[in-house]
Amino acid sequence: METLPSYNCIIHLEKFPTFSIEKAMCNHGFFMMAPNCWEPSTKSFSRPLRLADSTSVMTFISQPPGKDHLVIKVYGASILWLKDELAIQSQVKRMLRLSDMDEQDVRDFHKLHPEAEAKGFGRLFRSPTLFEDVAKSLLLRFCPWKTSLDLAKALCFLQYKKFKSKRKRANISSYGDFPNAEELASFSEKELKGKGNFGYRARELIMLAKQVVDGEIYLSKFEKDHIGTEPNWSKLKINGAGPFTIKTIMMCAGYYSYIPIDSETMRHMDEFHGLKVHKRKRGSINLQIRDKIQQIYKRYDPFQSLAYWFELVNSYETELGKELSELLPSEYHHVTGNYEKEKKKF
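Peer 1: Where do I start with helix 11 (residues 263–273) in this structure?
Peer 2: Taken together, the buried positions of helix 11 are E264, T265, M266, R267, H268 and M269. N-capping of helix 11 is provided by D262, with a side-chain oxygen placed 3.1 Å from the backbone N of E264. With its phi angle positive at about 65°, G274 sits one or two positions after the end of helix 11.

As structure tokens, then:
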């Protein structure tokens, strides 16, 4: 990689005095999903990002020790057009929530949650685009965490195989980039099912992509940084997206009032809050249970999901005996409430 030409972009962090790339990256499962790659030894991050024309290029992101800026090394070019540099910076800022609005959210949340402030928790990692967040949220449904990781990797591999000949610049990735809406819409269900265990998700993912490409869904309307009031989430009609998926998307978009509730949430409520709930079959969760869970975090309004996720991350790190930022990719599938059960298999 070092033999390739590269161009450095700089993002200054003066307006974000408590920012830490390690804390901003390693706090949500999406940082573990392909094509994201966190390197524990150097506390740096790499993945393909998109130029202004949607071409994928490999990037390497780091925060020099003691410095108030990020360095984004873009491989395959010794110089970038301004529009390309701005496109890369915009994606990095989105992933790390580097905006005035995000900074205000962090400060307001810390006023309500001193323990989270002490641990530097407040920026929940997300993808470079809301489309990727939505697609990955669909990959979380009704399957083990390891399966979600495998499906994300399979999508990146398919993107690499189908579009590598169209690349104008180097993309040094063993499995490619996460497909954007146009790329994903070009796949057939058979292509997806032939590579991974997508099952019914193949149709849901392709339908999502086609809805975005055809203008039936305008995801930009749901980006918090781009609007003045909270959008009407009931209008976000995505095939296969139930309450858990929609609330996960809301959390990614920067709306933290509602907690995404799945079996992991139920386990956590039982173990940490004594909220006894019957093991549910596949389907929706009782409204009364949802209300009880929301009530537990009411004092953190409007940051309920941040407070919940802070607890969940702490519980994972306690079980694993190390911080998420110290994990190797081979350990990612252990980040689950069933970790003790998983250990017995080895």
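Peer 1: Help me understand the sheet that holds strand 5 (residues 69–75) in this model?
Peer 2: Through backbone hydrogen bonds, the strands of a sheet pair up, either in parallel or in antiparallel fashion. Overall, antiparallel pairing links the five strands, which are arranged 1-5-4-3-2 in an open sheet. What marks the edges here is a single partner per strand, and that holds for strand 1 (6–12) and strand 2 (37–39). The mean angle between the axes of side-by-side strands here comes to 25°, regardless of whether they run parallel or antiparallel. As judged from the three bridges shared by strand 2 and strand 3 (residues 44–50), these two strands associate in the antiparallel manner.

Peer 1: Would you take a moment to explain the pattern of salt bridges for this structure?
Peer 2: Opposite charge on two side chains permits pairing when their charged atoms draw close. Enumeration according to the criterion identifies 20 salt bridges in this entry. Residue D102 is joined to R126 by a salt bridge in which the shortest nitrogen-to-oxygen separation is 3.8 Å. Note that D102 is positioned in helix 3 (residues 100–112) and R126 in the loop between helix 4 (114–118) and helix 5 (130–139), a separation of 24 residues in sequence. Here D102 and R126 have matching classes, each one buried. Two residues, D105 and K224, come together in a salt bridge whose shortest N-O distance is 3.0 Å. Of the two residues, D105 sits in helix 3 while K224 sits in the loop between helix 9 (201–213) and helix 10 (243–253), which places them 119 residues apart along the sequence. Judged on exposure class, the residue D105 and its partner K224 are both buried. In this structure, a network of salt bridges that share partners links the residues R47, R50, E132, K136, D177 and E183.

Peer 1: What is the right way to look at the layout of surface pockets in this model?
Peer 2: To find the voids left in a structure, one rolls a probe of water-molecule size over its atoms. Its volume calculated, the second largest pocket comes out at about 860 Å³. Around the second largest pocket, the lining is made up of 36 residues, and of these Q91, R94, P128, T129 and L130 lie nearest the centre. Sorting the residues of the lining of the second largest pocket by element identifies strand 3, helix 2 (82–96), helix 5 and helix 7 (181–185) as the ones contributing at least two each. Here the lining of the second largest pocket gathers at least three residues from each of two domains, domain 1 (1–96) and domain 3 (127–221).

Calculation notes
- Residues numbered from 1 in each chain as written.
- Predicted model: local features only at pLDDT ≥ 70, side-chain atom pairs only at ≥ 80, totals over all residues.
- Heavy atoms only, no water.
- Buried < 20%, exposed > 50% of the residue type's maximum accessible area, 1.4 Å probe, protein only.
- Helix = DSSP H or I, 4+ residues; strand = E, 2+ residues; numbered from the N terminus.
- Polar contact = N/O pair within 3.5 Å; in protein donor to acceptor, adjacent residues only side chain to side chain.
- Pairing = 2+ DSSP bridges.
- Axes fitted to C-alpha atoms, helices over the stretch in contact; angles between N-to-C directions.
- Salt bridge = Lys/Arg side-chain N within 4 Å of Asp/Glu carboxyl O.
- 1 Å grid on protein atoms, 1.4 Å probe; cavity = no way out; pocket = protein on both sides within 12 Å on 5 of 7 lines; lining within 4 Å.
- Points joined across faces, edges and corners; volume = space filled by probe spheres on them.
- Domains from an automatic or database assignment.

The values are spatial; any link to function lies outside them.
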